[in-house]
Amino acid sequence: QVLKRRILRASKYHNTDITASLELVDKLIRHYLERGILDDKCYALTQALKMNRRGKSIKYIRSWLYKKYISKKIINNVLKELFSNNNNPDLIAALSFARKRQFGPYRKKNDGINEIDKEYAAFARSGFSYSLAKQIIEAQNIENLENKLL
């Protein structure tokens, strides 16, 4: 779809034949699909695993894949596979997010209630549930948190 839109724009600008260019793109895509070079499921799975490790929520991963024109069926299969690898991939992502942003028990100093509200807001903007954010932010000890939740 991206290539087709680009061809349409370029052909209008350069006054070239659209059908020949579209046929060439279709031929290339078929060629790459036959050889296994283009594989939406593999791409979606590697991106989902990477984003999960980097602290992105399941909601974020789902919307990101959808924006990349991955079909809903493939997205659902990839997320099922992500859940089969981990009991709660959102939890692993939330811990990674908290570690990266130094929230909850990873916090260096406690600046008061205003900072904690900002932490809740950051978790919410990133697509994590309130209950998950509350467990992480209110945890007293890093080791207990990771043992309890994982």
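Small disclaimer: the values here were computed from a predicted structure and weren't measured. (Residues numbered from 1 in each chain as written. Predicted model: local features only at pLDDT ≥ 70, side-chain atom pairs only at ≥ 80, totals over all residues. Heavy atoms only, no water.)

**Student:** Please set out a positive patch on the surface residue by residue, giving values where relevant.
**Tutor:** Judged by side-chain charge, R53, R54, K56, K100, R101 and R125 come together as a positively charged surface patch. Note that R54 resides in the loop between α3 (40–53) and α4 (58–67). (Patch = residues over 30% accessible without salt bridge, like charges linked within 9 Å, V, L, I, M, F, W, Y side chains within 5 Å. Areas by Shrake-Rupley, 256 points an atom, 1.4 Å probe, with all protein chains shown as cover. Salt bridge = Lys/Arg side-chain N within 4 Å of Asp/Glu carboxyl O. Lys, Arg positive; Asp, Glu negative; His and termini not counted. Charge placed at Lys NZ, Arg CZ, Asp CG, Glu CD. Helix = DSSP H or I, 4+ residues; strand = E, 2+ residues; numbered from the N terminus.)

**Student:** Account for the pattern of salt bridges, naming residues and giving values.
**Tutor:** Inspection of the entire model under this criterion finds 5 salt bridges. Linking K41 and E81 is a salt bridge whose minimum nitrogen-to-oxygen distance equals 3.1 Å. Of this pair, K41 sits in helix α3 while E81 sits in helix α5 (residues 72–85); the two residues are 40 residues apart in sequence, bridging distant segments of the chain. The exposure class of K41 is partly exposed, given its relative accessible area of 36%. (Buried < 20%, exposed > 50% of the residue type's maximum accessible area, 1.4 Å probe, protein only.)

**Student:** Residue-level account of the confidence of the model for the protein chain, with values.
**Tutor:** Residues with a pLDDT of 70 or more make up 97% of the protein chain, whose mean pLDDT is 87. The weakest mean pLDDT in the protein chain belongs to helix α9 (residues 142–149) at 73; the strongest belongs to α4 at 93. (pLDDT = per-residue confidence, 0-100.)

**Student:** How would you sum up the packing of aromatic side chains? Please name residues and give values.
**Tutor:** According to the stated counting rule, one finds 6 aromatic pairs in the structure shown. Ring geometry for F97 against F123: centres 5.1 Å apart, planes inclined by 70°, an arrangement best described as edge-to-face. Taken together, the positions of F97 in helix α6 (residues 89–101) and F123 in helix α7 (residues 113–125) put the pair 26 residues apart, joining distant regions of the chain. Look at F97 and you get buried, because its relative accessible area is 7%. Taking relative accessible area as the criterion, F123 reaches 0% and is therefore assigned buried. Against the face of Y60 rests K56, its NZ or CZ located 5.0 Å from the ring centre. (Phe/Tyr/Trp six-rings, centres within 6.5 Å; stacked < 30°, edge-to-face > 60°. Lys NZ or Arg CZ within 6 Å of the ring centre and 35° of its normal.)

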